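Report on the structure
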Amino acid sequence: MIVLEGVGMTYRAESGPVEALRDITLEVGRGELVALVGPSGCGKSTLLRIIAGLRPATAGRVLVDRRPVTRPIAAVGMVFQAPVLLKWRAIVENVLLAAELSGLDPAAYRARAEELLALVGLGGFDDKLPRELSGGMQQRAALCRALLLDPPLLLMDEPFGALDAMTRDELGLELLRVWGEGSRTRKTVVFVTHSIPEAVFLADRVVVMTPRPGRVAETFPVGLPRPRTVETRASAELGALVLRVHETLSRT
Amino acid sequence: MKARSLRRYVPSLVLFGVLLLLWQVLPPLLHVREYLLPGPAAVVRAALDFSIPWHTHVWITTLEILGGFVLAGAAGVLLGVAIAWSAPLAAALVPFLVFVNTLPKVAVAPLFLLWLGYGVIPNALIAALIGFFPVVINTAVGLTQVDEELLDLGRVFGAPTWKVFLKIRLPNALPYVFSALKVTATAAVVGAIVGEFVASQAGLGTVIVNAQTNLNTPVAFASLLWISVIGLVLYGLVGLAARWWAPWADAT
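Residues numbered from 1 in each chain as written. Chains lettered and ligands numbered in written order. Predicted model: local features only at pLDDT ≥ 70, side-chain atom pairs only at ≥ 80, totals over all residues. Heavy atoms only, no water.

Digging into the sheet that holds strand S7 (residues 153–157) of chain A
All names here are of chain A. Taken in spatial order, the 6 strands make up an open sheet running S6-S7-S8-S3-S9-S10, and their pairing is mixed. Whereas interior strands pair on both sides, the edge strands pair on one side only; in this sheet they are strand S6 (76–79) and strand S10 (216–221). Ignoring which end each strand starts from, the neighbouring axes of this sheet average 15° apart. Sheet topology places S6 next to S7; 4 bridges connect them, and they run parallel. Following the sheet pairing, Gly-77 is matched in S7 by Leu-154. (Pairing = 2+ DSSP bridges. Helix = DSSP H or I, 4+ residues; strand = E, 2+ residues; numbered from the N terminus. Axes fitted to C-alpha atoms, helices over the stretch in contact; angles between N-to-C directions.)

Structure follows, in structure tokens:
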């Protein structure tokens, strides 16, 4: 699905060129959920934007579905740390923005939008304005917006980073549910986070990155059984893996 | 809710009442003559003395203020859009607009009258000239202060520039435009009166100039009262419009 070959990124700052990413080689299979963890400023978010085609890499190649990425790719759902909802639009209209911006008839997607909102527990909030919802609920709406057009690829940039621990755990479970855990039609997900337990709990593979310039330090396959539940969080297996990732991170 | 919002006005009403009372009572006690400082009762009597053609003066001045306000609003929004739309246009326009804005408009007023003769139109133009600048700046700021991530969404969904403009930038700018229009409403009043001071045959500013020559101070004060009524009504209408069209922005 996603192939990164020696991807590097150097941008010009006033103080001179800054190398944000160096020689990233990584493959993400179809239906795989890969978490990127690393210290802040290691270029995780930049890497996500490079995959989306929002920023050009200055070295290497990016392929999505075997096609080189040279401009923003269609059929991708993006979720950011902030919900970035339009303040003046009701929740369901915010979800429908995905259709409108894509040049599709939003009326045709209304039923799906309402269905998605109900799926993440926002049924009955369709007509509320974003400011009437809590941060967690707003982020759920943002997730619905990303899912509206049923993209095969989800790129998530610390999507739960601004939420309190409890909401964060809840949304993690919710993400696994809408991701299609256990089904064959799972989406491919690249999930940037700085929470190691979150990465291990959600992902099939955890990619640990080094400080700037960001490189891949190590990749950990996560063997935890799916579907993952609240019990998974307390399992010794998860704990052991979190520890190993932690050790790798502190060595980098 | 309603009672509470009414109670909010109590302190300012009390202060207003006390000042009025002092204004009525103190000057006679201190032997201040009426042509220097007429009391509020005399002012109200003059304001309601319809042997003075108040309705004509109020009408003329209102026309000038409204004309100036609409002109300033329209020109301001158009220039703001131009500046936000294109960097070369911004580079060309901004220094010029700053120059125009730093000109003392009061000093330009006689030139306008020289070129255009006296009447409603030159006074409206002066009003517009005084009031347009904040609209330009706020429109441009509102159009450009958009979350980078929202623009990323636009790119990912392949939305054309005009659509991002219409669905994201323009609504985002509305509260900014309205807060500038509140300033413009006040500035337009100043502009219209300045125009009338310089040369005019009718209008509330003209009344003040004439009253001053005749030492008919209560009439001058009465005119001031009418001016402030127009100003307050216009300001209130802009506030209502803002609450109607941009209810998501907290009123200031």
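Observations concerning helix H3 (residues 110–119) of chain A
All names here are of chain A. For H3, the full list of buried residues reads Ala-113, Leu-116 and Leu-117. Projected down its long axis, H3 shows its buried positions confined to an angular sector of 100°, all on one face. Those residues of H3 that are exposed and aimed more than 90 degrees away from the buried face are Ala-111 and Glu-115. Buried-residue contacts for H3 involve helix H2 (91–101) and helix H4 (135–147). One or two residues past the end of H3 sits Gly-121, with phi positive at roughly 85°. (Buried < 20%, exposed > 50% of the residue type's maximum accessible area, 1.4 Å probe, protein only. Arc of directions from axis to C-beta. Contact = heavy atoms within 4.5 Å.)

So, the packing of helix H10 (residues 204–213) of chain B against helix H11 (residues 217–245) of chain B
Residue and element names in this part refer to chain B. Running from N to C, H10 and H11 cross one another at 165°; their axes reach a closest spacing of 8 Å. In terms of their interaxial angle, H10 and H11 are classed as roughly antiparallel. Where H10 crosses over H11, the two elements pack in a sense that is left-handed. For the pair formed by H10 and H11, the contact residues are Leu-204, Val-207, Ile-208 and Ala-211 on the first element and Val-219, Ala-220, Ser-223, Leu-224, Trp-226, Ile-227 and Ile-230 on the second. Split into classes, the residues belonging to the contact of H10 with H11 amount to 10 nonpolar, 1 polar and no charged. (Parallel < 35°, antiparallel > 145°, perpendicular 65-115°, else oblique. Left-handed = near helix turned anticlockwise from the far one by under 90°. Nonpolar A, V, L, I, M, F, W, Y, C, P; charged D, E, K, R; others polar.)

Thoughts on the packing of aromatic side chains
Residue and element names in this part refer to chain B. The final tally for this structure, using the stated rule, is 7 aromatic pairs over all chains. The interplanar angle of 45° and the centroid separation of 5.8 Å between the aromatic rings of Trp-23 and Phe-221 together place this pair among those described as tilted. Of this pair, Trp-23 sits in helix H2 (residues 10–29) while Phe-221 sits in helix H11, and the two are 198 residues apart along the sequence. Classification of Trp-23 as partly exposed rests on a relative accessible area of 25%. (Phe/Tyr/Trp six-rings, centres within 6.5 Å; stacked < 30°, edge-to-face > 60°.)

Topic: the domain arrangement of chain B
As far as domains go, chain B holds domain 1 (1–32) and domain 2 (38–245). Taking the mean C-alpha position of each, domain 1 of chain B and domain 2 of chain B sit 29 Å from one another. (Domains from an automatic or database assignment.)

Brief notes about the layout of surface pockets
One number sums up the size of the second largest pocket: a volume of about 350 Å³. Sorting the residues of the lining of the second largest pocket by element identifies strand S5 (67–68) of chain A together with helix H8 (148–156) of chain B as the ones contributing at least two each. Residues of the lining of the second largest pocket, tallied by class, amount to 11 nonpolar, 2 polar and 4 charged. (1 Å grid on protein atoms, 1.4 Å probe; cavity = no way out; pocket = protein on both sides within 12 Å on 5 of 7 lines; lining within 4 Å. Points joined across faces, edges and corners; volume = space filled by probe spheres on them.)

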